[in-house]
Amino acid sequence: MNEDYNFEEYLRKALSNSISSQNPSENAKNKARKLSPSYYEDLKEKLIDKYQNKSLNDVMDCKAVSTSFGEVLKITKKEKIDFKIENNNFKQQMNTNLKLLPKIGLKTEENLKNKGYSTIESLRNHDRYGDSASKLIEKMDEMSYCEIIDLLDNNKYSRKCRDNILKSISLTDTENFKFMDIETKGLSNVPIILIGIAEIKGKNIIASQYFLRDYTEEANIIDAYLSHLDEDSVHVTFNGKTFDVPFIKNRCVYNRIDADLDLAHLDLMYFAKSLWGEKLPNCQLQTIEKELFGIKRVGDVPGQYIPGYYDTYLQEDNIGPVVPIIEHNAQDIISLASFLEKMYRDVN
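Quick caveat: nothing in here was measured; it's all calculated off a predicted structure.

Draft legend 1. Representation of the pairing of strand S1 (residues 62-67). Here S1 runs beside strand S2 (residues 70-80); their pairing, made up of six bridges, is antiparallel. If you follow Lys 63 over to S2, its bridge partner there is Lys 74.

So this is what it looks like as structure tokens:
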């Protein structure tokens, strides 16, 4: 009887999580509301009322700054962060990875190590692999971090050794990480409305966001973002290899901006799937925040509603609809720093 009761209780709770049940739970009702376009129309109206007659300067730390293309609005957010990448002697780890040499796979590496060739250095006098081993050893100390990333990423066995790319971040300074995310008017051939880039400065992470106040300023916000980059910069994104960086390249062409964005790039979405995919319901950025870091967002606006919210901002001359978009973007880039540090700890 007790087992029947437990099953019925379980069934009742399970059904209550469905909006189609006779007595849906509040959680089910909230989920259903947030899947409804009318929910986001109501939210937009509330934001318009809340921020009536206010400017972004009233609610955020922002100021106008100059670029070579003109003035742009820069929004700044600073938070304390304890970001530590302990030394893991990765160059020595590379030296023990014989698979970095051409024509050495898993089985060949095992056979070579069984014969006493434990490092690339030790292969310098090998009849078959000596030349390639000598060239790589001589080159290794002079390689830029971008070249090391390319070596690891382009290797035939990089998928089996993906952790090596995360381990390699000890080879660059933390100031070089550029945690980046963009918000756009759509999926292709439309303006970027917001670029966020976060950088670690000492004990702080500082997010700089460049907001498109009107369509004439797109070149300005791109140029402002580019001012944060140099040859040592490392893009850290979530799906940025597929979306953000190619999108910016496209808009650079449209705006006739000459920019080199072929930098070292750590797209954390791929590492998240590899490291945490079996532990989490999915590997979306906000799921990772909630499940692994205890961050639960309130009042977020899904991507499909951002273009409409931005249009309303322009039509109504009211900042309300864009406030959650800016806050969402800032949280995204700041979260990436926590993701990267945890991933580094996990693989080491």
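Next comes the rest of the description.
Draft legend 2. Expanded view of helix H3 (residues 37-50). Over its 14 residues, H3 extends 20 Å from the first C-alpha to the last, a length consistent with the 20 Å expected when each residue adds 1.5 Å. Taken as a whole, H3 has its buried residues at Tyr 40, Leu 43, Lys 44, Leu 47 and Ile 48. Across the axial projection of H3, the buried residues extend over an arc of 140°, all falling on one side. Of the residues in H3, the exposed ones pointing more than 90 degrees away from the buried face are Lys 46 and Asp 49.

Draft legend 3. Quick peek at the nonpolar core. Ranked by internal contacts, the top residues of the largest apolar core, which has 53 residues, are Phe 179, Leu 266, Leu 268 and Leu 340. The dominant element in this core, judged by the number of residues it contributes, is helix H15 (residues 323-347), at nine residues. Core analysis: the next-biggest nonpolar cluster, separate from the first, contains 45 residues, Leu 43, Met 60, Val 245 and Ile 306 among them.

Draft legend 4. Representation of helix H12 (residues 268-276) within the structure. Regarding H12, the residues found buried are Leu 268, Met 269, Phe 271, Ala 272 and Trp 276. Looking straight down H12, one finds its buried side chains confined to an arc of 160°; they lie on one side. Buried residues belonging to H12 abut helix H9 (163-167), strand S6 (234-237), strand S7 (264-267), helix H13 (285-293) and H15.

Cut-off values and rules
Residues numbered from 1 in each chain as written. Predicted model: local features only at pLDDT ≥ 70, side-chain atom pairs only at ≥ 80, totals over all residues. Heavy atoms only, no water. Pairing = 2+ DSSP bridges. Helix = DSSP H or I, 4+ residues; strand = E, 2+ residues; numbered from the N terminus. Expected span 1.5 Å × (residues − 1). Buried < 20%, exposed > 50% of the residue type's maximum accessible area, 1.4 Å probe, protein only. Arc of directions from axis to C-beta. Core = buried A, V, L, I, M, F, W, Y, C linked by side-chain atoms within 4.5 Å. Contact = heavy atoms within 4.5 Å.

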